[in-house]
Every structure is written in C-alpha cells, then in structure tokens.
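Residue-level structural notes
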Amino acid sequence: MNKKLDFGRICLLAFPLVILVPGASHAEEFKGPYVAVEGGIGVLKTDGTTLGGPVDEAENSGLLSGVLGYRSPVGANGRLVLGAEGIFGFYTSGTNLHYGVYGIGGYRVGDKGLAYLRVGYGGLKDVQTGTGNSLDGPVFGGGYEFSIHEKANLRLDYRYLSYGDVNIPDNTLDFSGHEITAGLLFNF
C-alpha cells in the first residue's frame, strides 16, 4: 500500500477523534498541547555550478504534514506566547519526506489572533543531492493563527529552509527551500 496515502488517510481520520477528546472543551486558545494537519506548497531551489555549467532550478510540490506542539502564555498579561512543535510529512511529487523541530514565539493580537515567528531545524529525505539522499539545516519563518473555536484554530505559515552547500568534485550546489502552508489546529 502507498505510504503517502496511508499518512494522508490517518491525518483525515484524526480530525473527528481530536474533536471528541475528553476535556478538550476546557481548552484555552494558544495554551497547552495541540495537534494539526496542514497542507500547502513546497519549493526546493537548487543553484550553483557543475561541470555542465551554471545550475538554477526550482521544483514545486504540494505538501501535507502533521504537527504536534505545546505552547504557553508568559508574562503578566499573557500576551506573549512561547512554545515548541514538531512537523512530519511528505511532498506529493516524489517520495520526499520532510520533518522539523521548532521553537515558536508569538504575540497575541486581540482576543483571537496570534502572530508568531519560528526558528529550528528541519530536513528532507529521499532527495538526490549527489552525495547522499537527504538535506537538513536551519529553518526560519512565521505566520498568523486565528482562533475559530476554543479548541480549533486556523493557521497560515511560511518557512524558509536553508540546507546549505553540497560539494562534489568540480560541482558546488546550494539547496534551499520555501514552504507556505495553511493548517487546522486542535487544542487540548
């Protein structure tokens, strides 16, 4: 059976289970553990020089991810929110698995919004680079999240992935990426 299809089915089936989790109705926006499913577009950019000449390529792909995280308001008024999250998913063109672990820092905008920044580490597996089949490196980004219910939020997110240079004899390639996603989060 196709692994990508199985992961997607699991994510879709998880929606009703998360909503029915006992005690979830007591959740507070932007506080405590959460799970999410997000989808969007990923772009893997390759540039540099090879024996054949300059290289400047970009590969676009859809992506689907699962997210697990935890966050907590800090400070006297609770407007500052700090947390951590992990992401695991796949790109739809090919078998590229992607993953990441990030620290999140945000500021509440009104009662229902959260503008945030992220910094962490991520990677792609099953990518042919000339020296192996994976890329990894620092990740930077940010986004905005809006509470639609005390236990559900919508998110729009951007991540810049800096995978760095891969040096092969007489070839130097730089790999970087961009991911733009929309997600649905469920708070516990």
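Read on for a plain summary of the structure. Keep in mind that this is a model prediction, so the values were computed, not measured.

Section: the overall build of the protein chain
Secondary structure summary: the protein chain contains 1 helix and 8 strands in total. By residue count, 40% of the 188 residues in the protein chain fall in the buried class. A separation of at least 24 residues holds for 58% of the contacts in the protein chain among residues at least 6 apart in sequence. A total of about 9,500 Å² of accessible surface is found on the protein chain, and carbon and sulfur atoms cover 65% of it.

What about the side chain of His-98?
Examined against the element boundaries, His-98 turns out to sit in strand S4 (residues 97-109). A polar contact is formed between the side chain of His-98 and the side chain of Glu-179, at a distance of 3.4 Å. For His-98, the contacting residues outside a window of four places in its chain are Leu-63, Leu-64, Ser-65, Ile-87, Phe-88, Gly-89, Phe-90, Tyr-91, Gly-123, Leu-124, Arg-159 and Glu-179.

Some points on the pairing of S4
A regular strand places its side chains on the two faces of the sheet in alternate fashion. Side chains His-98, Gly-100, Tyr-102, Ile-104, Gly-106 and Arg-108 of S4 all project onto a buried face; the interleaved residues Leu-97, Tyr-99, Val-101, Gly-103, Gly-105, Tyr-107 and Val-109 project onto a face where none is buried. Pairing of strand S3 (residues 80-91) with S4, which is carried by 11 bridges, proceeds in the antiparallel orientation. Residue pairing for S4: Phe-90 is matched across the bridge by Leu-97. Hairpin geometry of S4 and strand S5 (residues 113-125) is characterised by an intervening segment of 3 residues between the two adjacent antiparallel strands and by a positive phi of about 70 degrees at Gly-110.

Considering the pattern of salt bridges
Overall, the coordinates contain 8 salt bridges when judged by the stated rule. Linking Glu-145 and Arg-71 is a salt bridge whose minimum nitrogen-to-oxygen distance equals 2.6 Å. Taken together, the residues Glu-145 in strand S6 (residues 134-149) and Arg-71 in strand S2 (residues 53-74) connect sequence positions 74 residues apart. Note on accessibility: Glu-145 and Arg-71 belong to one class, buried. Note that Glu-145 is salt-bridged to Arg-155, the shortest N-O span being 3.4 Å. Here Glu-145 is found in strand S6, whereas its partner Arg-155 is found in strand S7 (residues 152-168), with 10 residues between them in sequence. Residue Glu-145 is classed as buried on the basis of its relative accessible area, which comes to 0%.

Some points on the nonpolar core
Ranked by size, the top nonpolar core spans 16 residues in total, and within it Leu-44, Tyr-163 and Phe-175 carry the most contacts. Mapped onto this core, the elements with two or more residues apiece are strand S1 (32-50), S2, S3, S6, S7 and strand S8 (171-187).

Considerations on a nonpolar patch on the surface
A contiguous nonpolar surface patch, about 730 Å² in accessible area, is contributed by Leu-80, Leu-82, Tyr-107, Val-109, Tyr-144, Phe-146, Ile-148 and Leu-154. Of all the elements in the fold, those that place two or more residues in the nonpolar patch are S3, S4 and S6. For the nonpolar patch, the element with the highest residue contribution is S6, accounting for 3 residues. Mapped onto the elements, Tyr-107 comes out in strand S4.

Description of the pairing of S5
As paired strands, S4 and S5 are joined by 13 bridges and run antiparallel to one another. Bridge pairing in S5 links Gly-106 to Tyr-116. Direction of pairing for S5 relative to S6: antiparallel, over a ladder of 13 bridges. Within the sheet, the bridge partner assigned to Leu-124 lies in S6 and is Leu-135.

Each value, and the rule that gives it
- Residues numbered from 1 in each chain as written.
- Predicted model: local features only at pLDDT ≥ 70, side-chain atom pairs only at ≥ 80, totals over all residues.
- Heavy atoms only, no water.
- Helix = DSSP H or I, 4+ residues; strand = E, 2+ residues; numbered from the N terminus.
- Buried < 20%, exposed > 50% of the residue type's maximum accessible area, 1.4 Å probe, protein only.
- Contact = heavy atoms within 4.5 Å.
- Areas by Shrake-Rupley, 256 points an atom, 1.4 Å probe, with all protein chains shown as cover.
- Polar contact = N/O pair within 3.5 Å; in protein donor to acceptor, adjacent residues only side chain to side chain.
- Pairing = 2+ DSSP bridges.
- Salt bridge = Lys/Arg side-chain N within 4 Å of Asp/Glu carboxyl O.
- Core = buried A, V, L, I, M, F, W, Y, C linked by side-chain atoms within 4.5 Å.
- Patch = residues over 30% accessible without salt bridge, like charges linked within 9 Å, V, L, I, M, F, W, Y side chains within 5 Å.

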